[in-house]
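# Analysis of the macromolecular model
Next come the chains, spelled out residue by residue.
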Amino acid sequence: MTIKIGVLTGSLRKESFSRKIAKALIALAPQETLLEMVEIGELSIYNQDFDDEGRPPAGWTAFRESMKQYDAFLFVTPEYNRSVPAVLKNAVDIGSRPFSQNVWNGKPGAVVSVSPGSIGGFGANHHLRQSLVVLNVPVMPLPEAYIGNVAALLDGSGAVTNEKTRRLLQNFMEGFVAWTLANALVPSR
């Protein structure tokens, strides 16, 4: 069985550290997985009025439908002001509404936070976990991944050059696959 995982990054920058780490995680994932980057930059800001009036923007509808194909979700995020970037929180909100149609419901998740600073995005990691738990996403508790001083861990092409970090990311992905298999409530496909 192939596990299909949607990968959402919290930074829109083409050369963002989050995107580079997400690509490294995809490359290190076990063979029984298929990981796909989910682009969230074009989603308009969530406004419940559109759902209440039965006229959600086409981008929201397409995003919600697209999320249904995944068995699990990997969130890779930078930390902005000790929290989650607005673009990622917006995607989580759009996917969670209308309340009875939460696309995240019951699907396992994992969070990796990335920072050029030494704390590794701890605040963003835990803020995102709080939001995901209330949406019934079983978030992998261990291993945790807070990637600090990320600029020193990558080469010019974005490849992970630090062997300890590469092993951490590989162990993280192996753990996430095991977590997904153990916590998948209902197959999505």
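Scroll up to find the structure.
Reference entry: report on the structure contained in this document. Everything numeric in this text was worked out from a predicted model, so none of it was measured.

Counting 28 residues, the largest nonpolar core has Ile-21, Leu-25, Leu-74, Val-76, Val-112 and Phe-172 as the members making the most contacts within it. Taken together, the elements giving at least two residues each to this core come down to β1 (3-9), α1 (17-28), β3 (72-78), β4 (109-114), β5 (145-147) and α6 (163-183). With residues up to four places along the chain from it excluded, the contact list for Leu-25 reads Leu-74, Val-76, Val-112, Leu-169, Phe-172 and Met-173. Among the nonpolar cores identified, the runner-up in size contains 25 residues, and Ile-40, Leu-43, Phe-73 and Ala-91 belong to it.

Below, the discussion takes up the sheet that holds β1. Here we have five strands laid out as an open sheet, ordered β2-β1-β3-β4-β5, and parallel in their pairing. Sheet topology places β2 (33-38) and β5 at the edges, where each strand pairs with a single neighbour. Recorded for the sheet is a direction-independent mean angle of 20° between the axes of neighbouring strands. Strand direction decides the pairing type here: β4 and β5, joined by three bridges, are parallel. Paired with Ser-113 across the strands is Tyr-146, a residue of β5. Contacting β3, β4 and β5, helix α5 (residues 122-134) crosses the sheet at an angle of about 160° to β4.

The next thing to look at is the pattern of salt bridges. This structure, assessed with the given rule, holds 10 salt bridges. In this structure, Glu-36 and Lys-4 form a salt bridge, with 3.9 Å as the shortest nitrogen-oxygen distance. Here Glu-36 is found in strand β2, whereas its partner Lys-4 is found in strand β1, with 32 residues between them in sequence. Classification of Lys-4 by relative accessible area gives buried; the value is 14%. Two residues, Glu-65 and Lys-68, come together in a salt bridge whose shortest N-O distance is 2.8 Å. Of the residues examined, Glu-65 reaches a relative accessible area of 46% and is grouped as partly exposed. What you see here is one network of salt bridges that share partners, running through Glu-163, Arg-166 and Arg-167.

Taken as a whole, this structure holds eight aromatic pairs when the rule is applied. Both rings, one in Phe-73 and one in Phe-75, keep their centres 6.4 Å apart while their planes meet at 40°; by these two values the pair is tilted. Given the relative accessible area of 1%, Phe-73 is considered buried. The rings of Phe-63, Tyr-70, Phe-73, Phe-75 and Trp-104 are connected pair by pair, giving a single aromatic cluster. If you follow Arg-13 out to its NZ or CZ, it ends over the ring of Phe-17, 5.9 Å from the centre.

Looking now at the pairing of β2. Sheet analysis places β1 next to β2, joined by six bridges and oriented parallel. Looking across to β2, one finds that Lys-4 is bridged to Leu-34. Handedness of the β1-α1-β2 crossover: right-handed.

Cut-offs used in this document
- Residues numbered from 1 in each chain as written.
- Predicted model: local features only at pLDDT ≥ 70, side-chain atom pairs only at ≥ 80, totals over all residues.
- Heavy atoms only, no water.
- Core = buried A, V, L, I, M, F, W, Y, C linked by side-chain atoms within 4.5 Å.
- Buried < 20%, exposed > 50% of the residue type's maximum accessible area, 1.4 Å probe, protein only.
- Helix = DSSP H or I, 4+ residues; strand = E, 2+ residues; numbered from the N terminus.
- Contact = heavy atoms within 4.5 Å.
- Pairing = 2+ DSSP bridges.
- Axes fitted to C-alpha atoms, helices over the stretch in contact; angles between N-to-C directions.
- Salt bridge = Lys/Arg side-chain N within 4 Å of Asp/Glu carboxyl O.
- Phe/Tyr/Trp six-rings, centres within 6.5 Å; stacked < 30°, edge-to-face > 60°.
- Lys NZ or Arg CZ within 6 Å of the ring centre and 35° of its normal.
- Right-handed = clockwise from strand over helix to strand, strands pointing away.

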